[in-house]
Amino acid sequence: MANYLADNQTRFLDELLDWLRIPSVSADAKFHADVLRAADYLKTRLEEAGVQNVEICPTAGNPIVYGDYLQAGPDAKTVLVYGHYDVQPADPYELWTSPPFEPVIKDEKIYARGACDDKGQVYMHVKAFEMMMRDGQGGVPCNIKFMFEGEEEIGSNNLDIFVKANKEKLQADVILISDTGMLANDVPSIEVGLRGLSYHEVTVTGPNRDLHSGLYGGAVQNPINALCEMIASLHDENGHITIPGFYDNVDELSADERAEMAKAPFSEEEFQKSIGLPASYGEKGYSSMERTSIRPTLDVNGIWGGYTGEGAKTVIASQAHAKISMRLVPHQTSAEITALFQKHFASIAPAGVTVSVHPHHGGEPVVTPTDSVAYKAAADAMETTFGKRPVPTRGGGSIPIVAMFKSELGLDTVLLGFGLDSDAIHSPNEHFGVFNFLKGIETIPHFYRNYAAAE
Ligand code: BES
Ligand code: MN
Ligand code: MN
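Residues numbered from 1 in each chain as written. Chains lettered and ligands numbered in written order. Predicted model: local features only at pLDDT ≥ 70, side-chain atom pairs only at ≥ 80, totals over all residues. Heavy atoms only, no water.

Caption draft 1: Spatial organisation of the pairing of strand β2 (residues 64–69). In terms of residue burial, β2 counts as a mostly covered element, since six of its six residues are buried. Going residue by residue along β2, you find Ile-64, Tyr-66 and Asp-68 tucked away on one face and Val-65, Gly-67 and Tyr-69 tucked away on the opposite face as well. Two elements, strand β1 (residues 52–57) and β2, share four bridges in a ladder whose sense is antiparallel. Each residue of the ladder has a partner; that of Gln-52, found in β2, is Asp-68. Hairpin connection between β1 and β2: a loop of six residues separates the two successive antiparallel strands. Looking at chain direction, β2 and strand β6 (residues 143–149) are connected through five bridges and run antiparallel. Looking at β6, one finds that Asp-68 is bridged to Lys-145. (Buried < 20%, exposed > 50% of the residue type's maximum accessible area, 1.4 Å probe, protein only. Helix = DSSP H or I, 4+ residues; strand = E, 2+ residues; numbered from the N terminus. Pairing = 2+ DSSP bridges.)

Caption draft 2: Representation of the coordination of the manganese ion (ligand 2). Looking at the metal site, the manganese ion (ligand 2) is ligated by His-84 (NE2), Asp-117 (OD), Asp-179 (OD) and Asp-179 (OD), spaced 2.0 to 2.4 Å from it. Every donor counted, the six donor atoms about the manganese ion (ligand 2) form angles of 57 to 166° at the centre, which fits irregular coordination. Of note, the donors binding the manganese ion (ligand 2) are all from one chain and are spaced H-x32-D-x61-D. In this structure, the manganese ion (ligand 2) is positioned 3.6 Å from the manganese ion (ligand 3), and both are ligated by Asp-117. Note that Asp-117 is positioned in the loop between β5 (109–111) and α3 (119–134) and Asp-179 in the loop between β7 (174–177) and β8 (189–194), a separation of 62 residues in sequence. (Donors = N, O, S within 2.8 Å, 3.2 Å for Na, K, Ca; no water. Tetrahedral: all angles 85-135°; square planar, octahedral: opposite > 155°, others 65-115°.)

Caption draft 3: Broad picture of the domain arrangement of the protein. You can read the domains of the protein as domain 1 (2–194 + 365–453) and domain 2 (196–250 + 296–363). Using only C-alpha atoms to locate each centre, domain 1 and domain 2 end up separated by 36 Å. Residue-level contacts link 10 residues of domain 1 with 10 residues of domain 2. In total, domain 1 and domain 2 occlude about 690 Å² of area from one another, counting both sides; carbon and sulfur atoms represent 61% of this. Interface area lost by domain 1 to domain 2 is led by Pro-365, Ser-398 and Pro-400, which between them contribute 61%. For the pair domain 1 and domain 2, the interface holds zero salt bridges. Across the domain 1-domain 2 interface, the total number found is one residue pair in polar contact (both at pLDDT 80 or more). (Domains from an automatic or database assignment. Contact = heavy atoms within 4.5 Å. Buried area = accessible area lost by both parts, 1.4 Å probe. Salt bridge = Lys/Arg side-chain N within 4 Å of Asp/Glu carboxyl O. Polar contact = N/O pair within 3.5 Å; in protein donor to acceptor, adjacent residues only side chain to side chain.)

Caption draft 4: Looking closely at the sheet that holds strand β14 (residues 354–359). Strand order in the open sheet formed by four strands is β11-β13-β9-β14, with antiparallel pairing between adjacent strands. Here the strands that pair on one side only, and so sit at the sheet edges, are β11 (297–305) and β14. Sheet twist, expressed as the mean angle between neighbouring strand axes with direction ignored, is 20°. Bridge analysis of β11 against strand β13 (residues 319–328) gives eight bridges, and the strand direction is antiparallel. From the neighbouring strand, Gly-305 faces β13, where its bridge partner is Ala-320. Running over the sheet, helix α9 (residues 334–347) touches β9 (196–205), β11, β13 and β14 and is turned about 20° from β9. (Axes fitted to C-alpha atoms, helices over the stretch in contact; angles between N-to-C directions.)

Written out as structure tokens, the structure reads:
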């Protein structure tokens, strides 16, 4: 197997680079034709690898690419592999050192939008499958269903519908996803939790038009001032979120569980240095690792209003806007938190303005089992290829579809991710290590063999 990978790695990389050239940005309608081209490219590569029944399933939005290989037989286990071929917008383009859709390999890393999230990681699965088909090491030991969507970065609304309508077709024993990260290339880890999400756009409205700030200033509640005060009040001096009831259902980890978590190698100093922070920040009583995984958060993602152009314009804006998100942990639900946020945010509006809260897509938190046959197969696979037992970690990001797979299909997920926090996903200069890409391709077949062999 090492031979097949070594002999073909240049081609594997070239194919991935070709795919990364297609700007499959789901958030922006002007890329719609590219999204379709990216789906088509994936379909062709799956077929070439030997996947059968490959189809582009239309939805009300971007298509789902489905294909399967069921030749392992009716008694073999079935794995449903999920990933996404859509990518985040690349803005701001001027901060990229090379253009986001002209991938290059620099310092052993692939630089492009989607290199890690998630095209690079999806492509590991395509090439791992090809390798099992062709390397003469015993073939494909499990039945595999591949399902790749084009709307993960905008909330997976149509996948939701697709899954509910195709429960029979998607029947499997476990879900396998490579769309998360690990601690470091020499510290393999497997994420066993994801946070949920409640996301809102808020608008604060004051006077019925923009006003001269000299003629009216002082006698008018300024919507931008008001919005800032409201946002500032959402955290107290200890970094706790002040929304009444927000923490009511939060699953508090025991001292033992927290001690276990603290064993994972993590350097506060390195963490701060890696993103240029002058000091640590967060909820009192918790470590940075806990703050970004087992604790819920509230953050402003964007804020705008008034005059932001060149020079000075003296104005009191009629409206101010912000996008506010909350990351949720077990056992908070997005419906519960959305309702609490809407009620609270409206209630803290000062006199002189009105507030509207518009919720966007949400998602539920998950914790995946570490005592399952599939988790053990993944941990053993990583131990084989990294030479070290992976540690389980709780992740801070969200993949809302994972909770849906559990509720609709009754299936647990294994998050076999190979990214690093430093890969700059969603940021300028996103990249994915060539080491990580190849390690993924090497590890995935071990997962199937371990899983097939387990009781
Ligand atoms: N792959 C990420 C989520 C992720 C990254 C989880 C790293 C764990 C580690 C996914 O594509 C993503 O960006 N999810 C969004 C939510 C989605 C609803 C837009 C997120 O976490 O912000
Ligand atoms: Mn992703
Ligand atoms: Mn993403």
